[in-house]
Amino acid sequence: MSAEHRDRRKERLDRGIKVRTDGVYAISSWKEITYLLAPRVLLIGGLLLAPLILSPFPYWQRVISIIAIYALLAIGFDFLANFVGLVSLGGGFYIGVGAYIAALLNSELGLPPMWTIPAATFFGAGICTALFLPCLPLRGVYFAIVSLMYPLLAARLIEAFDLFGGTDGILGVSGFSSPWTERYLLITSVLVAAFALRRLINAADVGLVFRGVKDNDQAVRASGINITTYKALGVFIASALGCLGGACLSHIYMWAGLSQFALDFSIIPIAATVVGGGGTLIGPVLGCLILVPISEVLRDFGTLRIAVYAIILTGFIVFKSEGIMLYATRKYQQFERWVEI
Amino acid sequence: MEIIIYGIVNSVTLALMALGFTLVYGVSRLPNFAHGALYVVTGYFTWLLMNRVGMPYIVSMVLALVLTGIIGAAIYQLVLIRIRGMPISEIIASYAIGLAILEGLRWGGLKGGTFTLPPFVEGATMLLGVSVDYQRLIVVGLGAALLAVLWLFVNGTRLGLALKGMAQDERAAMTLGIDSDRMAVAAMALGSVLAGAAALVLFPLGSIVVEAGYHVLIMAVAVCIVGGLGSWNGAILAAFLIGFAQILTVKYLGTHFQVVVALLAIIITLIVRPSGLFGRQKELEERV
């Protein structure tokens, strides 16, 4: 710290318009309404229009679907980590379970995607929750390590027992009837997931209990509430999001295989959450919007892309751990000035 | 007989892989998920110094160990020190660094052709009716020697005692004038050197591949979790348990199941007894 900085500090104050829009004055004029709605409309409208704008570039339309799948996982990770207090590093497990269920239902029973995707979402989430149930009493690092091991173990077991097509995977899964169904199904799921979970946490009783479990589980327990039930509910919600993504992924690539348990699905959502800002549920979506295109651009360089986003992740976690979303919110709502001490 | 001999070799191999990880965790409560990357890096540096710079085998090994120690210390000093005490950030950051190193190597270094280090001594011998190559015997010998040296170091030198003090009670150690951050750097450097030493004795048995990094990390985590994080006796006992379990599964079930055993061991241990066989953590801290 240099000498001139020593006797002054940065003061942050809410902008007048922010204070006005907090209360009933939000609808007093178009200026306030615009201030309040602009960021939300920008995000929702931008995501909904993106496939239309990118329609001359089919490759990048596909990238939007991939972004949405990662965003679903990242929202699930953020929800579990910052509102339920379970850091789950096993994103690949949810994707894999969802993908395999959808592929099996489709190739064995001949169900169309319209049925396999909801079925994979609910049954997949049920299976994931049941499998994670014994680990739910674990905390922090221990849960993180266990959840990191689940996708690895699942892939090894499928390989060892030669289950579901073994290393070849399940081929011949039918695709979506139209690319537009695929894109809008995923984009709406992301938006609904993010905003519904925000509403759930901020307005519903169950959200209060979730945050209680994260902050002080013993106090929640002392209030006569079963923590494991709520943790299981949290895992169910997060894994449902992941399984939904996985089911869509298997229909997009018309294939389900071992690579859907891969590390990519565990590490990108975490990186996106850290970059975008944890605890906001919108931040992870922003993070995916930034990281996944970077990773697509670097696809020609092979595994270098994993190295690149690992470095981005480390940089953010060390130097800017609040993430883009919280930083942007602060700039949008507050002004800063130097104050002499 | 075969099972016993190869079980011992495999167990010592696992113990070697886990040694550095358990040392770092024991001293500074830092789960160093970049462990596997440091392991591969040592092997790669040695290969580079030998084949590209043309140094003798011994010199390149020593130089590679020193470089790995410096990298380990740098990782701690530049990155991990800023997020001490946030276990989840520590895991994510160290894992990301490891990932960056490994995938960077896969992209820029370890590609095209095979990379091998020569065994220290060529050939094989018959031991109690089982054919064992000399390198595996050296692994067992060096593993035992390394453990002994480490034990002497921890119990006999000022630095070692300071590390032990940190491991037992960080605050008490600080009141006695032990600099916690400097000790953590030292532990990280030492842990990296141990990972490197394991790499140098184990790589001559196969070739240097990036996957070894992930494999070593899983094995180190398995051994440390089963033995109890931060416990030395536990780690060695767990290495023997998992080592023999693996040899038995390979013999009776097939090679595919080797990693399954380790992963199942982690999950079952964490569910049944999260503090491990010899863990000193309190039950309440880790589960509700």
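The rules behind each value
Residues numbered from 1 in each chain as written. Chains lettered and ligands numbered in written order. Predicted model: local features only at pLDDT ≥ 70, side-chain atom pairs only at ≥ 80, totals over all residues. Helix = DSSP H or I, 4+ residues; strand = E, 2+ residues; numbered from the N terminus. Buried ≥ 20, exposed ≤ 12 C-beta atoms within 10 Å, placed from the backbone. Pairing = 2+ DSSP bridges. Expected span 1.5 Å × (residues − 1). Contact = placed C-beta atoms within 7 Å. pLDDT = per-residue confidence, 0-100. Axes fitted to C-alpha atoms, helices over the stretch in contact; angles between N-to-C directions. Parallel < 35°, antiparallel > 145°, perpendicular 65-115°, else oblique. Nonpolar A, V, L, I, M, F, W, Y, C, P; charged D, E, K, R; others polar.

Draft legend 1. Spotlight on the overall build of chain B. Looking only at helices and strands, one finds 12 helices and two strands in chain B. Per-residue burial over chain B gives 52% buried out of 288 residues.

Draft legend 2. Structural view of the pairing of strand β1 (residues 8–14) of chain A. All names here are of chain A. Across the seven residues that make up β1, only a small minority, zero, are buried. Pairing of β1 with strand β4 (residues 334–340) involves seven bridges; the strand directions are antiparallel. Bridge pairing in β4 links glutamate 11 to arginine 337.

Draft legend 3. Unusual backbone geometry, seen in detail. For leucine 281 of chain A, which is not a glycine, the phi torsion comes out positive at approximately 65 degrees. Topologically, leucine 281 of chain A is positioned in the loop between α11 (264–276) and α12 (283–297).

Draft legend 4. Inspection of helix α6 (residues 140–161) of chain A at higher detail. Residues and elements named next belong to chain A. Between its first and last C-alpha, α6 extends 32 Å over 22 residues, near the 32 Å set by a 1.5 Å rise per residue. Counting buried residues in α6 gives 16 out of 22 residues, a clear majority hidden from the surface. Following α6 by one or two positions, aspartate 162 adopts a phi angle in the positive range, close to 55 degrees.

Draft legend 5. Up close: the interface of chain B and chain A. Taken together, the contacts link 34 residues of chain B with 35 residues of chain A. Of all the secondary-structure elements, those providing two or more residues to the side of chain B that touches chain A are α4 (87–108), α9 (211–227) and α11 (257–272) of chain B. Sorting elements by how many residues they give to the side of chain B that touches chain A places α4 of chain B first, with 14 residues.

Draft legend 6. Main features of the environment of phenylalanine 21 of chain B. Secondary-structure assignment places phenylalanine 21 of chain B in helix α1 (residues 2–28). Setting aside chain neighbours within four positions, we find phenylalanine 21 of chain B in contact with Asn32, His35, Gly191, Ala220 and Cys224 of chain B.

Draft legend 7. Region of the structure containing the confidence of the model for chain B. All names here are of chain B. The predicted model of chain B has a mean per-residue pLDDT of 79, with 89% of residues at 70 or higher. The secondary-structure element of chain B with the lowest mean pLDDT is helix α12 (residues 283–286), recorded at 43, while helix α3 (residues 57–78) shows the highest, at 87. Between residues 282–288, whose pLDDT stays under 50, and residues either more than four places distant or in other chains, the model counts 15 contacts. As a predicted assembly, this complex carries a pTM of 0.82 together with an ipTM value of 0.78.

Draft legend 8. Geometry of the packing of helix α5 (residues 134–156) of chain B against helix α6 (residues 158–168) of chain B. All names here are of chain B. One can describe the packing of α5 onto α6 by two numbers: an axis separation of 5 Å at closest approach and a directional angle of 80 degrees. Classified by the angle their axes make, α5 and α6 are roughly perpendicular. Mapping the contact onto sequence places Phe153, Val154, Asn155 and Gly156 in α5 and Gly160, Leu163 and Lys164 in α6. Broken down by class, the residue content of the contact of α5 with α6 amounts to three nonpolar, three polar and one charged.

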